[in-house]
Amino acid sequence: SFKSGSTGPVETFFRQWQEDAEKRNIQSGKLRQRLLETEQGAAKQRKADQTARGLIGRALQGRRLPMPIVRFILDYWHGLLKQSVWNSGLDGETFRHGSKLLEWLVGVGDPSLSDKDRNRLYHVGEQIGDRILDVWQRVHNKPLPPDALAVIEAVMVSRLRGETPDLVDGLSAAGGFQWDS
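A. Quick look at the overall build of the protein. When you go through the protein residue by residue, the secondary structure sums to 7 helices and 2 strands. Along the protein, helices and strands appear, N-terminal first, in the series α-β-α-α-α-α-α-β-α. Relative to the 2.2 N^0.38 estimate, which gives 16 Å for 181 residues, the radius of gyration of the protein is 28 Å and therefore markedly larger than a compact globule would have. By its C-alpha atoms, the protein is 105 × 30 × 25 Å across when sized along the principal axes.

Right, dumping it as structure tokens:
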């Protein structure tokens, strides 16, 4: 092109190079945005998990509970609390209800809390099953497995009869459950 004195081929080359550079910049921007969204999602997930773990750890700390209550909290309620924080944050209705039901579960299971006020135990006993099912359905959009609630109801019936089930230290029974890190 220098010999011919024409700038056409050089201009075409530079135009194509500029178009390619613009495409690369657009792709790079999209990649940065996806990476940012991935990192934000991971941070949101960590926050949800840490919040749920912290709440459960504080609830179990120093409590003696029936093992079925501890297992229910770890196997079902931890995931529910985590998902509710993920869905609607700490101010969300399902998180507030889930937190309150965690208190109820611990209160029902720990005789040192529930034996002082039998009327409260009866009141909670009348409502806890329906409330657990309701919050579970709202968070997960599917029913709680029936056997999961059956163990809670069995403990509740035992407690209402005035029986004290076998108790375990809540955090020790949780095994390697990390909640304060």
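B. Broad picture of the environment of lysine 116. When you line up the elements, lysine 116 lands in the loop between helix H4 (111-114) and helix H5 (118-140). Among the polar contacts listed, one links the side chain of lysine 116 to the backbone oxygen of serine 112, at a separation of 3.3 Å.

C. Inspection of the packing of helix H3 (residues 93-109) against H5 at higher detail. At their nearest, the axes of H3 and H5 sit 10 Å apart, and the two run at 140° to each other. Here H3 lies oblique to H5, going by the angle between them. Crossing of H3 against H5: the hand is left-handed. In this structure, H3 uses Glu93, Thr94, His97, Gly98, Leu101, Trp104, Leu105 and Val108 to contact H5, whose residues at the interface are Arg120, Leu121, Val124, Gln127, Ile128, Arg131, Ile132, Val135, Arg138 and Val139.

What counts, and where the lines are drawn
- Residues numbered from 1 in each chain as written.
- Predicted model: local features only at pLDDT ≥ 70, side-chain atom pairs only at ≥ 80, totals over all residues.
- Heavy atoms only, no water.
- Helix = DSSP H or I, 4+ residues; strand = E, 2+ residues; numbered from the N terminus.
- Rg over C-alpha atoms; globule rule 2.2 N^0.38 Å.
- Polar contact = N/O pair within 3.5 Å; in protein donor to acceptor, adjacent residues only side chain to side chain.
- Axes fitted to C-alpha atoms, helices over the stretch in contact; angles between N-to-C directions.
- Parallel < 35°, antiparallel > 145°, perpendicular 65-115°, else oblique.
- Left-handed = near helix turned anticlockwise from the far one by under 90°.
- Contact = heavy atoms within 4.5 Å.

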